[in-house]
Amino acid sequence: MVQIDNNALRAQYNPDGSKLRNAQLRMLEILKVVDDICKKHNIPYWLTCATLLGAVRHGGFVPWDDDLDIAMMRSDFQKLMKILPDELPENLILQNDQTEEGYVYLYAKVRDKNSHVTEACDVNKRFKNQGLFIDIFPMEESSFALCKISAPLFNRMVFDVALKKGTDNVLYKFDRALLLKGIFPVFRALSFFAPKGKIHHTFGVNFLQEKNRDMIFPLSSILFEGHEFSAPANPDAYLTRHFGDYMSLPKNIQPVHAEEIEIF
């Protein structure tokens, strides 16, 4: 069993009162709000990616991470997107391609209005809302082969065009509509013939680790920063599929994604 000194890691990367720790606690508050809304409306979700990893390995945030991720099935995601604008408190805002023109991604963010994050990605720097956030990823049963095609398609036709020409460009708008209203619906129809019970991020999202349905459902719960949140049924299998040997610390730790974090 790998022995991890979380107290030492906290002291090194995110001690109490540090800018990163304050940012993590602000993101935790966003998660608590979204968790309450999901429970109120019976919308199942689960901690995913490095957030789930942090819960299992560190009991909370990965000490050097400035990100927080949850996931849910696509039908639940669509339901939540309709609910959040009316349910979020004044200090939070939903960011997706319906609430902010020029928002590129196919997943959503709930952002804090009383902070500012300067991210390394040039596309992100152009967004209107720039506060601390949590990511909400839609998942669906689909064909792994088509997912592998959809991600580079989205990157070339949408993300790269946004970087080079901007989101006001005619080609960007045409390519995005072609994928979302034409190609990806066809991929969903073709996925009917794919093996059942295989869950992936929604078409166009560049995370390609396939999850078996029984890794996720029925959902369990896990402690994260002293609070109980929803988690996959089998976090060990889920994290092993996503990260491999997830209990070993990385050899080259890359602290945080953001270039700058300000909290007001």
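Whatever comes next refers back to the structure up there.
Since the structure is predicted, the reported quantities are computational estimates derived from the model, not experimental observations.

Visitor: Help me out: how do you make sense of the packing of aromatic side chains in this one?
Guide: Pairs of aromatic rings are described using the distance from one ring centre to the other and the angle between the two planes. Evaluation of the coordinates by the stated rule reveals 15 aromatic pairs. Aromatic pair Phe137 and Phe207: ring centres 5.6 Å apart, planes at 90°, arrangement edge-to-face. A residue pair is termed long-range when its members are at least 10 positions apart, and Phe137 in strand E6 (residues 133–141) and Phe207 in the loop between strand E7 (198–201) and strand E8 (211–212) qualify at 70 residues. On the numbers, 6.3 Å between centres and 70° between planes, the contact of Phe224 with Phe229 is edge-to-face. An aromatic cluster is built from Tyr103, Tyr105, Tyr107, Phe127, Phe137, Phe159 and Phe207, whose rings are joined through pairwise contacts. The ring of Phe192 carries Lys196 above its face, with NZ or CZ at 4.4 Å from the centroid. A cation over a ring is seen here: Lys211 above Tyr238, with NZ or CZ 4.7 Å from the ring centre.

Visitor: Mind showing me how you'd approach the pairing of strand E10 (residues 227–231) here?
Guide: Successive residues of a regular strand alternate their side chains across the two faces of the sheet. Taken together, the five bridges between strand E9 (residues 220–224) and E10 define a ladder with antiparallel strand orientation. Across the sheet, residue Phe224 finds its bridge partner in E10, namely His227. Between the antiparallel neighbours E9 and E10 lie two residues, among them Glu225 with a positive phi of about 55°.

Cut-off values and rules
- Residues numbered from 1 in each chain as written.
- Predicted model: local features only at pLDDT ≥ 70, side-chain atom pairs only at ≥ 80, totals over all residues.
- Heavy atoms only, no water.
- Phe/Tyr/Trp six-rings, centres within 6.5 Å; stacked < 30°, edge-to-face > 60°.
- Helix = DSSP H or I, 4+ residues; strand = E, 2+ residues; numbered from the N terminus.
- Lys NZ or Arg CZ within 6 Å of the ring centre and 35° of its normal.
- Pairing = 2+ DSSP bridges.

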